[in-house]
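Residues per chain are reported as follows:
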Amino acid sequence: MSTGEDDIEKKEQKKRKEKEQEEREPDAVERSDGVLLRGIFKVGKKSHDVLLTATRLTWTPVLPESPAGEACPAPPAALMLRDVLAVKVKRRRSAGRRSGGPVLGLALFFCKRRGRRLEEDTLHLHNASSEHARIWYDALRELLAGVCGRPRRLKVFINPSSHKKEAVHVYREHVAPLFKMADVCTDITVTEKRGHALSVMKELNVDDFDGLVCVGGDGFVAEICHAVVLRAQLDADYPCVPVRAALPLGIIPAGSTDVISCSVHGVRDPVTAAMHIILGHVQRADMCSLRSAGQPPRFAFAAMFGFGARSLARAEKKRWMAPARRRHYALLKTLARLRAEDCQLSFLTSRANNQDPNDHDDGDSEGAESWSSAEGPFLSIGVMAIPCLSPHAPRGLAPNTKLANGSAALIAVRATSRSDFVKHLKSYGAPGGQLDFSFVETHAVTAVRLRPRGSTACTEDESDDGARVRSTARTRATSVVQSDAALSFPWNIDGELLEFPNEVVIRLHGRLIGLYGEDVDEAESAAPCGCI
């Protein structure tokens, strides 16, 4: 036999093997996974042989035999039960009738991916036998109820003042229907003032719920996260090392930036967030505690001092503006009055890169490592336990950290010219290079100590040739300790403006809270900010 004939024979053998494998596919599923039910349903306009196992649903078209008597099998389609949100019995109902009616079959509601987004879709299985439909409905319901981690009872907090006061609308229109479809029971609290959620959390019987949900912007999310972790410390009688929160938290984005939501979903989409909650997708996340003398600890994901805090303070004074306009105004105004703070900065570098990613310490152990220090005028200092993704910074404000890698990113921007600082800000919307500037220091840390020592004002406008702004610390007549005692410095804590006097100590606590979502590397991007 020639070489060409050998090749043809091999190709024919390969085709026969592939055909035999396709014909045996349902049997292979049956042997490997164990078929629980098998029946005939119409999918679309064609009859299908449907198999149900403990993990999936497969359906294969029932096709007539060819004239030669040989079957013409088609490859089966499959739906993983882990992606199914709910199953319902389909009925034909006349107008105005809300219950009863002839059985048409089953409807399986499931989520499908479109990039980072999760979208709802439906698989219709038609069979007019009510007994047949009931058997399959009961089996599917039992399997879905057995999927580990899916919540059945949720405590929901809604901030009616978030963004354009749309949080209640977002929940009712996009989230509540999905929870109802998935038979998730909810207890809703619409907060009336700042601190309301914290007071409710202190009295909440956590055993009555499987998880928590907050609907609002970053400031409200920060308040809820702080309340969740603080409640865990209260239940543990305030241990020296913070304990992990028992209940996971779902974040429904309803703010103007939604940085925390983007960091666990990759998108600002309430439907995607709701589906992660229903499906029980939980990721552990690191958090930081901020402590200042004479004040209780504050738990947060990110803390910014300097430019990030000053721009937020200006934005908060213009709440009557539209969110985008308010953000642009605050950014431009803060750039126009760009000012550095003279600070003493100390930090403890992280050893998390040498650890198992699933075995983090609590972030409080200093071990044998010594504190490093830096001082001088800084335009911005940020400590971030999560990447802080957003549409305007798709790779995040801290692209070198993750949700739960056992370290926080310290990003310190020293005093520099306004043009160089603007280049640094613009780079956050670029694919890379956000931190590749000589005046930007980055460290992976587990603890940071920051002590402001006085103001350094940028007193001269920048010339066209890009000359550096002269930054010299102003010497006060009184001592540093005395002047610091009379000062209060603004901080941007997860989008909420807080003030701390004197020194602030920030410590990382590994995997302190569970968040409904997934670990993502990049967020959906938006048009870059055109104001700089």
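Residues numbered from 1 in each chain as written. Predicted model: local features only at pLDDT ≥ 70, side-chain atom pairs only at ≥ 80, totals over all residues. Heavy atoms only, no water.

## Side note on the overall build of the chain
Link 1 in the chain: Across its full length, the chain carries eleven helices and 21 strands.
Link 2 in the chain: Out of the 532 residues in the chain, the part that is buried amounts to 49%. (Helix = DSSP H or I, 4+ residues; strand = E, 2+ residues; numbered from the N terminus. Buried < 20%, exposed > 50% of the residue type's maximum accessible area, 1.4 Å probe, protein only.)

## Some details on helix H3 (residues 167-181)
Link 1 in the chain: With 15 residues, H3 extends 20 Å between its outermost C-alpha atoms, agreeing within 8% with the 21 Å of an ideal straight helix rising 1.5 Å per residue.
Link 2 in the chain: Where H3 bends most, the angle comes to about 45°, and this point is valine 175, followed within four residues by the proline proline 177.
Link 3 in the chain: Listing the buried residues of H3 in full gives Ala167, Val170, Tyr171, Val175, Leu178, Phe179 and Met181.
Link 4 in the chain: One or two steps after H3, the chain reaches aspartate 183, where phi turns positive at roughly 60°. (Expected span 1.5 Å × (residues − 1). Bend = angle between axes of the 7 residues up to and from the residue.)

## Observations concerning unusual backbone geometry
Link 1 in the chain: Its identity as a non-glycine residue notwithstanding, aspartate 237 has a phi of 65°, on the positive side.
Link 2 in the chain: Relative to the elements of secondary structure, aspartate 237 occurs in the loop between helix H5 (218-235) and strand E11 (249-253).
Link 3 in the chain: Judged by relative accessible area, which is 63%, aspartate 237 ranks as exposed.

## Overview of the nonpolar core
Link 1 in the chain: In terms of nonpolar packing, the biggest core is built from 56 residues, with Ile224, Leu249, Met287, Phe301, Phe421, Ile513 and Leu515 touching the most fellow members.
Link 2 in the chain: The biggest single contributor to this core is H5, with nine residues.
Link 3 in the chain: Within the second largest apolar cluster, 29 residues are counted, among which are Phe109, Val156, Ala254 and Tyr516. (Core = buried A, V, L, I, M, F, W, Y, C linked by side-chain atoms within 4.5 Å.)

## Some thoughts on the packing of aromatic side chains
Two measures describe an aromatic ring pair: the distance that separates the ring centres and the angle between the ring planes.
Link 1 in the chain: Tallied over the entire structure, the rule returns seven aromatic pairs.
Link 2 in the chain: Members of the aromatic cluster, connected to one another through ring pairs, are Phe305, Phe489, Trp491 and Phe500.
Link 3 in the chain: Of note, lysine 155 hangs over the ring of phenylalanine 157, and the distance from its end group to the ring centre comes to 5.6 Å.
Link 4 in the chain: Between arginine 449 and the ring centre of tryptophan 371, over which it is positioned, the NZ or CZ distance is 4.3 Å. (Phe/Tyr/Trp six-rings, centres within 6.5 Å; stacked < 30°, edge-to-face > 60°. Lys NZ or Arg CZ within 6 Å of the ring centre and 35° of its normal.)

## So, the side chain of threonine 272
Link 1 in the chain: Note that threonine 272 resides in helix H7 (residues 270-279).
Link 2 in the chain: There is a polar contact of 3.0 Å between the side chain of threonine 272 and the backbone nitrogen of leucine 118.
Link 3 in the chain: Those residues in contact with threonine 272 that lie beyond four places of it in its chain are Arg116, Arg117, Leu118 and Val267. (Polar contact = N/O pair within 3.5 Å; in protein donor to acceptor, adjacent residues only side chain to side chain. Contact = heavy atoms within 4.5 Å.)

## Description of the packing of helix H9 (residues 323-336) against helix H10 (residues 418-426)
Link 1 in the chain: At a minimum axis separation of 11 Å, H9 and H10 run at an interaxial angle of 150°. One element, H9, and the other, H10, form an angle in the roughly antiparallel class. Judged by residue contacts, Leu331, Leu335 and Ala336 of H9 engage Arg418, Phe421, Val422 and Leu425 from H10.
Link 2 in the chain: Broken down by class, the residue content of the contact of H9 with H10 amounts to six nonpolar, no polar and one charged. (Axes fitted to C-alpha atoms, helices over the stretch in contact; angles between N-to-C directions. Parallel < 35°, antiparallel > 145°, perpendicular 65-115°, else oblique. Nonpolar A, V, L, I, M, F, W, Y, C, P; charged D, E, K, R; others polar.)

## Quick notes on the pairing of strand E16 (residues 372-384)
Link 1 in the chain: Of the strand pairs in this sheet, strand E14 (residues 302-306) and E16 are connected by five bridges, and their pairing is antiparallel. Its bridge partner lying in E16, methionine 304 is registered against glycine 382.
Link 2 in the chain: Judged from the six bridges that link them, E16 and strand E17 (residues 408-414) form a sheet pairing that is antiparallel. Bridge pairing links phenylalanine 378 to arginine 414 in E17. (Pairing = 2+ DSSP bridges.)

## Here we look at the pattern of salt bridges
Link 1 in the chain: Under the criterion given, the structure shown has 23 salt bridges.
Link 2 in the chain: With its nearest N and O atoms 2.5 Å apart, the salt bridge here joins arginine 141 to aspartate 183. Placement of arginine 141 in helix H2 (residues 130-145) and of aspartate 183 in the loop between H3 and strand E9 (185-190) is noted, with a sequence separation of 42 residues between them.
Link 3 in the chain: Under the relative-accessibility criterion, aspartate 183 is labelled partly exposed at 33%.
Link 4 in the chain: Several salt bridges converge on common partners, so that one network encompasses Lys88, Arg141 and Asp183. (Salt bridge = Lys/Arg side-chain N within 4 Å of Asp/Glu carboxyl O.)

## Focus on the confidence of the model for the chain
Link 1 in the chain: In the predicted model, the chain carries a mean pLDDT of 84, and the fraction of residues at 70 or more is 81%.
Link 2 in the chain: Of all the helices and strands in the chain, helix H11 (residues 480-486) carries the lowest mean pLDDT, 37, while strand E8 (residues 153-158) carries the highest, 98.
Link 3 in the chain: The model gives residues 22-26 a pLDDT under 50, and that stretch makes six contacts with residues more than four places away or in other chains.
Link 4 in the chain: In the predicted structure, residues 456-486 sits below a pLDDT of 50 and forms 49 contacts with residues beyond four places in sequence or in another chain. (pLDDT = per-residue confidence, 0-100.)

## Considering the packing of helix H8 (residues 307-316) against H9
Link 1 in the chain: One can describe the packing of H8 onto H9 by two numbers: an axis separation of 8 Å at closest approach and a directional angle of 130°. Viewed along their axes, H8 and H9 adopt a mutual orientation that is oblique. H8 and H9 meet at a crossing whose hand is right-handed. Listed contacts from H9 to Phe307, Arg310, Ser311, Arg314 and Ala315 of H8 are Arg326, Tyr329, Ala330, Leu331, Lys333, Thr334 and Leu335.
Link 2 in the chain: Residues of the contact of H8 with H9, tallied by class, amount to six nonpolar, two polar and four charged. (Left-handed = near helix turned anticlockwise from the far one by under 90°.)

## Observations regarding the pairing of strand E2 (residues 46-52)
Link 1 in the chain: In terms of burial, E2 is a largely internal element, five of the seven residues being buried.
Link 2 in the chain: Here seven bridges tie strand E1 (residues 37-43) to E2, and the two strands are oriented antiparallel to one another. Directly across from lysine 42, in E2, lies its bridge partner serine 47.
Link 3 in the chain: Counting the residues between successive antiparallel strands, the hairpin from E1 to E2 contains two residues, one of them, glycine 44, with a positive phi of roughly 75°.
Link 4 in the chain: Here E2 pairs with strand E3 (residues 56-61) via five bridges, running antiparallel. Residue pairing in the sheet places valine 50 in a bridge with tryptophan 59 of E3.
Link 5 in the chain: As consecutive antiparallel partners, E2 and E3 are separated by three residues.

## Here's the deal with the environment of methionine 304
Link 1 in the chain: Along the chain, methionine 304 turns up in strand E14.
Link 2 in the chain: Once you skip the residues sitting within four places of it in the chain, methionine 304 turns out to touch Ala309, Ile381, Gly382, Met384, Leu397, Trp491 and Asn492.

## Digging into the environment of valine 170
Link 1 in the chain: Relative to the elements of secondary structure, valine 170 occurs in helix H3.
Link 2 in the chain: The exposure class assigned to valine 170 is buried, which follows from its relative accessible area of 11%.
Link 3 in the chain: Separated by 45 residues in the primary sequence, valine 170 and valine 215 have C-alpha atoms spaced 8.3 Å apart.
Link 4 in the chain: For valine 170, the contacting residues outside a window of four places in its chain are Val175, Ile252, Pro253 and Pro270.

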